[in-house]
Amino acid sequence: MFTTLLAATAIALHPAPAADSTVYRALFLRAAPGHLLELIDLYRARMPVHAAAGEAEPVFARHSQGDHWDLLLLYPIGTMAEYYSEERQARWERAEREIRYDGAAFDRERDRLEAWREELFVSGPEVAMLRERNREAGFYHLEVFLALPGQRAALLHQREMENDYLRRIGRPDNLVFTRIGGAPWDLFTLGLYRNLQHYAEPSAASDAADDSAAKAAGFESRNTIGSYLRSFLQGHHDTLLNRVRE
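Residues numbered from 1 in each chain as written. Predicted model: local features only at pLDDT ≥ 70, side-chain atom pairs only at ≥ 80, totals over all residues. Heavy atoms only, no water.

1. Things to note about unusual backbone geometry
Inference 1: If you check the backbone angles, R100 has positive phi at about 55° while not being a glycine.
Inference 2: In this fold, R100 is placed in the loop between α4 (86-99) and α5 (103-113). (Helix = DSSP H or I, 4+ residues; strand = E, 2+ residues; numbered from the N terminus.)

Below is the structure:
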């Protein structure tokens, strides 16, 4: 009853995601000083429970440089109602029993090893798309945005325009995740790359072709893409991350 009420409340308070989108639970974590590797191991050891419960594997990445988050975990959860359902809770408890996983011990260790967390429920791309893009990924660029009042739709449109521009010049576009509830961020984008070198590759297009691509995507020029983005922002953080592998 309580989990059903939570789901209903979350859905009532926040806009419903688009019909073709999936809901994700995003965790931005910072480890207690000196305990990052222990925290990584703690979450890595929990992955078999997700598999046993029939849940999709999360994107799991650790900070390389940029903002002060240490870890990103991005869990596909289907819908808010499914996530808070009694059926899911029963599957999770059954999985813990079957593989003899101590969930209470996980909670105690997490309390000891985490300095703080931000948790955000977001609407994002289909899981199959994320899985395909993540198959060869080893490096990520995470950008998190807080829009000015009244500018959230314009911010989202700018991110879509920039993706259009990136595709036109042959660069990987970013996956876009928009807020349903949780932490204050309005949206974040995730760029997926093979490695740092792939992320840093310059465009193969000429300066003139770059500029034409920017204009075709709706910008005044390629040199105004960043300033146009910032006209909608009251806050922006970005982080480069390496994939956490088994």
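2. Focus on the sheet that holds strand β4 (residues 114-124)
The pairing of strands in a sheet happens through backbone hydrogen bonds and is either parallel or antiparallel.
Inference 1: Strands sit in the order β1-β3-β2-β8-β5-β7-β6-β4 around a closed barrel of eight strands; the barrel is antiparallel. Pairwise comparison of adjacent strand axes, ignoring direction, gives a mean angle of 35° for this sheet.
Inference 2: Looking at chain direction, strand β5 (residues 139-147) and strand β8 (residues 233-243) are connected through nine bridges and run antiparallel. Bridged to Y140 within β8 is L241. (Pairing = 2+ DSSP bridges. Axes fitted to C-alpha atoms, helices over the stretch in contact; angles between N-to-C directions.)

3. Regarding the nonpolar core
Inference 1: Core analysis: the largest hydrophobic core is formed by 26 residues, its most contacted members being L39, Y43, F60, L73 and I77.
Inference 2: Of all the secondary structure elements, the ones that give two or more residues to this core are β1 (22-31), α2 (36-52), β3 (71-78), α3 (80-83), α4 and α5.
Inference 3: Setting aside anything within four residues of it in sequence, one finds L39 in contact with A31, L71, L113 and E114.
Inference 4: In terms of nonpolar packing, the next biggest core, distinct from the first, is built from 23 residues, V59, A61, L192 and L241 among them. (Core = buried A, V, L, I, M, F, W, Y, C linked by side-chain atoms within 4.5 Å. Buried < 20%, exposed > 50% of the residue type's maximum accessible area, 1.4 Å probe, protein only. Contact = heavy atoms within 4.5 Å.)

4. A closer look at the pairing of β5
Inference 1: For β5, the tally of buried residues reaches eight of nine residues, placing the bulk of the element in the interior.
Inference 2: Pairing analysis gives seven bridges linking β5 to strand β7 (residues 187-193), with the strands arranged antiparallel. Within β7, the position partnered with L142 by the bridge is L190.

5. So, α4
Owing to its 3.6 residues per turn, the α-helix aligns residues three or four sequence positions apart on the same side.
Inference 1: Here α4 is 14 residues long and its end C-alpha atoms lie 20 Å apart, about the 20 Å a rise of 1.5 Å per residue gives.
Inference 2: The inward-facing, buried residues of α4 contact α2, α3 and α5.
Inference 3: Trailing α4 by a residue or two, R100 shows a phi angle of about 55°, which is positive. (Expected span 1.5 Å × (residues − 1).)

6. Topic: the packing of aromatic side chains
Inference 1: Scanning the model with the defined rule gives 13 aromatic pairs in all.
Inference 2: Between Y83 and F121, the ring centres sit 5.7 Å apart and the planes meet at 65°, which makes this aromatic pair edge-to-face. Here the residue Y83 occupies a position in helix α3, and F121 occupies one in strand β4, the gap between them amounting to 38 residues.
Inference 3: For Y83, a relative accessible area of 14% translates into the label buried.
Inference 4: An aromatic cluster of at least three residues, connected via ring pairs, comprises Y24, F28, W69, F177, W185 and F188.
Inference 5: The aromatic ring of F106 is capped on one face by R46, whose charged end is 4.1 Å from the ring centroid. (Phe/Tyr/Trp six-rings, centres within 6.5 Å; stacked < 30°, edge-to-face > 60°. Lys NZ or Arg CZ within 6 Å of the ring centre and 35° of its normal.)

7. Description of the pattern of salt bridges
Inference 1: Under the counting rule described, the total for this entry stands at 20 salt bridges.
Inference 2: Here E143 ties to R159 by a salt bridge, and the two come within 3.3 Å at their closest N and O atoms. Pair noted here: E143 is in strand β5 and R159 is in helix α7 (residues 152-168), with a separation of 16 residues, a long-range link.
Inference 3: Looking at R159, the relative accessible area reads 2%, which means it is buried.
Inference 4: Linking D164 and R168 is a salt bridge whose minimum nitrogen-to-oxygen distance equals 3.0 Å. Here D164 and its partner R168 are both found in helix α7, four residues apart, which amounts to about one turn of the helix.
Inference 5: Exposure remark for R168: the relative accessible area of 48% places this residue in the partly exposed category.
Inference 6: Connected through shared salt-bridge partners, R25, E114, R117 and E119 make up one network. (Salt bridge = Lys/Arg side-chain N within 4 Å of Asp/Glu carboxyl O.)

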